Amino acid sequence: MMLNMLAILLQAGSYAAGQPVSADNAPILSHMSEALHQSVDRVLSLLIAVLPGILAFFVALAIFSLIGVVISALLRRILTLFRFDDRMARNRGNVEWTPSSSPTGLAARVSFWACVLLGLTIGVAAFDASYATGAPLPISLLPYFTHAVGAILLLIAGNLIARFLARSVLIGAVNAQLQYARVLSLGVKWLVLVLTAAMVLDHLQVGGDIVELAFGILFGGIVLALALAIGLGSRDLVSRSLESHVERNPAAHNTPSPSQSETIRHF
Amino acid sequence: MATADSISDVLETATQPAASLLVMLAAMPQDQFESALANLVATFSAGSLLIAAQNEYAADRFPDLRIIAAPSTGAAWTATAADFVNAFQFAEREGVRAILMLGPGAGSLSAAALRELANAVLNAAVDLAMPRYALPAHAGLINAAILYPLTRALFATRVRFPQAVDLGLSLRMAEQLAASAQRFTAANQADALIWPVNEAIAAGFTVGEYDVGPRELPQPAEPDVNAMLSLVTGSLFADIEAKAATWQRPRRLPPPRIPVADAPLADGTAEVARMVESFRFAYSNLLEIWSLVLPPNSLLGLKRLSATSTAEFRMPEMLWARIVFDFLVAYRLRTINRGHLLGALIPLYLAWVAGHINTTAAGTGSERHIETVAAAFEADKPYMVSRWRWPDRFNS
């Protein structure tokens, strides 16, 4: 009904403009109207086909989340009743648990999230079934959406790894007295971030060869810069390390280490 | 010496046939091993001894001694979980009354020291006999800065070397330690460190400390102080976390039995400049990480410290106590990765060492300064307990 109204409006609009209507214009307008009709029809029928799937997805998620809440609460009550935390602490050597990390809390949380995951899986399966059977035409947005989710996960993991490695390098370099510790840490961080960005773009199938080329240049550049920084900045450290390695007597594992002075012993 | 036993009493006890003592000797270089055996032969009657050794030995050199082969645990520095499990298994199998665990370099222990440790667990109703070594002024600094003050403050014990390489154990103490060690060996961590003093206090056993005089302490195989500090401190932090229910109860520190005796002054000032420089460098780079762990007051103290000249560089005792406590809380809460956390503690420890050397160079005795540090930890225990229970009260 809406489509009919839209077509009438289009035609009425064209007449209302007061433009001369020739014999040639009439088929063009009718073709346009027909094309518009068809495309709106296709989109609406696709939405109608997919809608039950989307609804099924949300219903499955909601139901299983609810079940998860119930199971989690039940489990928590039962484990508390049987003093599960105390038993675990006795077996593991009187460990003091924080309320958020107690075995009971952990079991309750795991059961809840397992239910949510199950709901998600069932929801996606329902959506997938309705989409495959009901969709008369392919749409490229939904598969792309799944790629986008994967890309976001990659981005999060890459950021976490970059931060972890940057911190590890910074602390290690500071303790090794490397004067360019911060530069080294930043270099490693950006190395991982660039790698992550390239992987994300590749996953999204954006850019193609340009991304690969740009990534190769950037990655190589950062590695070269770091190699130069280490090579030029830590010659003394490397030579000292090599010397101490060569001079170390394998049988002298109970004698004071070369890194300790004669007057100061840490152990 | 700390105990009132006279040497004659001790000798009499040591030569009693019933006094079956298992001596667990750690793996050590062959010359040290033979020296340790000679020391044992000279100290005890051979019939009262059973020796479990990881070294190869020539039977004809010590024909009177009964020596059994112990499985190699690869512990080159201090006793590990596997050593404690083996010790109890041997003791149970052989029906001995007590165990003496001796680390590498035990040949340098005096005969009187060996007798004191053995007699404490055989006759003096002590479950854990800990030695108190007379070390040079700037030796055992990790112990002086962290292990001793933390153990004393939390577990209310004056044992000066909580991770001593020589120990006397009663049978029930050995069983307790073996049970604790078993958890590590079952998890394939046979080289994990065990903290006997903490175990004894948690189990309500009696701990005695005995002045054993000078001793050559073995050094870890790993020459990197950074790795070793992380290993030892991390192990102690984990043990403290596991025994939180024990140390949170209020306890009274027993009065000192062994008078504080300062070692002769040793010059270490040449190292101070390097350590201070290392701290300043860390301050300019690691402040962001420290600020995740330390409250603003401590950060302010570190800022002031970084601006102090090398000659006047001293880590205030209260500031050091707060730093260690806050790192311990962060270890428990996993505020940052535990490896990162312990790595970030190293420059602060070096700053403490620099301050300690400056303090002793200025005339304060080394042991007296260590006692002052330990007293500061003790005084600040309420802060530790409060932060442990309510970690969100960051600025209290």
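These numbers were taken from a predicted model, which means no experiment stands behind them.

Asks: Sorry, what's going on with the overall build of chain B here?
Replies: Across its full length, chain B carries 15 helices and 7 strands. By principal-axis analysis of the C-alpha atoms, chain B measures approximately 65 × 40 × 40 Å. Per-residue burial over chain B gives 51% buried out of 396 residues. Relative to all contacts within chain B whose residues are 6 or more apart in sequence, the contacts with residues 24 or more apart total 82%.

Asks: I tried to follow the overall build of chain A on my own but got confused; where do I start?
Replies: When helices and strands are counted, chain A shows 8 helices and 0 strands. Helices (α) and strands (β) of chain A occur, in sequence order from the N terminus, as α-α-α-α-α-α-α-α. Looking at chain A as a whole, 15% of its 267 residues qualify as buried. Intrachain contacts of chain A at a sequence separation of at least 6 include 73% that bridge at least 24 residues.

Asks: Hey, could you run me through the confidence of the model for chain B in this one?
Replies: All names here are of chain B. On average, residues of chain B score 86 in pLDDT, and 91% of them reach the 70 mark or higher. Within chain B, no element has a lower average pLDDT than helix H1 (residues 7-14), which sits at 40, and none a higher one than helix H12 (residues 317-333), at 95. Residue range residues 1-19 is modelled with pLDDT below 50. Its contacts to residues more than four positions away, or to other chains, number 36 contacts. Confidence estimates for the predicted assembly give a pTM of 0.77 and an ipTM of 0.84.

Asks: Teacher, can you tell me more about the packing of helix H10 (residues 269-293) of chain B against helix H11 (residues 296-306) of chain B here?
Replies: A pair of packed helices is captured by two measures, namely the crossing angle of their axes and the spacing between those axes. Residues and elements named next belong to chain B. Contact geometry of H10 with H11 gives a least axis separation of 10 Å together with a crossing angle of 165°. Considered as vectors, H10 and H11 are oriented roughly antiparallel to each other. Considering the relative orientation of H10 and H11, their crossing is left-handed. Of the residues in H11, those touching H10 at Phe-279, Arg-280, Tyr-283, Trp-290 and Ser-291 are Leu-299, Leu-302 and Ser-306. Considering only residue class, the contact of H10 with H11 consists of 5 nonpolar, 2 polar and 1 charged.

Asks: What should I look at first to understand helix H15 (residues 381-389) of chain B in this one?
Replies: Each α-helix winds once per 3.6 residues, and so residues spaced three or four apart point in a common direction. All names here are of chain B. Buried within H15 are the following residues: Met-384, Arg-387 and Trp-388. Along H15, the residues classed as buried sweep out an arc of 105° about the axis, all on the same side. Pointing more than 90 degrees away from the buried face of H15 are the exposed residues Pro-382 and Arg-389. Against helix H9 (244-247) and H12 lie the buried residues of H15.

Asks: Any chance you could explain the packing of H12(B) against helix H14 (residues 366-379) of chain B here in plain terms?
Replies: Residue and element names in this part refer to chain B. Two numbers describe how H12 lies on H14: the axes approach to 9 Å, and their chain directions differ by 55°. One way to sum up the angle between H12 and H14 is to call them oblique. In this structure, the crossing between H12 and H14 has a hand that is right-handed. Mapping the contact onto sequence places Glu-317, Met-318, Trp-320 and Ala-321 in H12 and Thr-372, Val-373, Ala-376 and Phe-377 in H14.

Asks: Where do I start with the pairing of strand S2 (residues 49-53) of chain B in this structure?
Replies: All names here are of chain B. For S2, a buried count of 5 out of 5 residues is recorded, marking the element as mostly surrounded by other parts of the structure. Residues Leu-49, Ile-51 and Ala-53 point to one face of S2 and Leu-50 and Ala-52 to the other, with burial holding for every one of them. Across 5 bridges, the pairing between strand S1 (residues 21-25) and S2 is parallel. Directly across from Leu-21, in S2, lies its bridge partner Leu-49. Here 3 bridges tie S2 to strand S3 (residues 67-69), and the two strands are oriented parallel to one another. Note on S3: the bridge partner recorded for Ala-52 is Ile-68.

Parameters at a glance
Residues numbered from 1 in each chain as written. Chains lettered and ligands numbered in written order. Predicted model: local features only at pLDDT ≥ 70, side-chain atom pairs only at ≥ 80, totals over all residues. Helix = DSSP H or I, 4+ residues; strand = E, 2+ residues; numbered from the N terminus. Buried ≥ 20, exposed ≤ 12 C-beta atoms within 10 Å, placed from the backbone. Contact = placed C-beta atoms within 7 Å. pLDDT = per-residue confidence, 0-100. Axes fitted to C-alpha atoms, helices over the stretch in contact; angles between N-to-C directions. Parallel < 35°, antiparallel > 145°, perpendicular 65-115°, else oblique. Left-handed = near helix turned anticlockwise from the far one by under 90°. Nonpolar A, V, L, I, M, F, W, Y, C, P; charged D, E, K, R; others polar. Arc of directions from axis to C-beta. Pairing = 2+ DSSP bridges.

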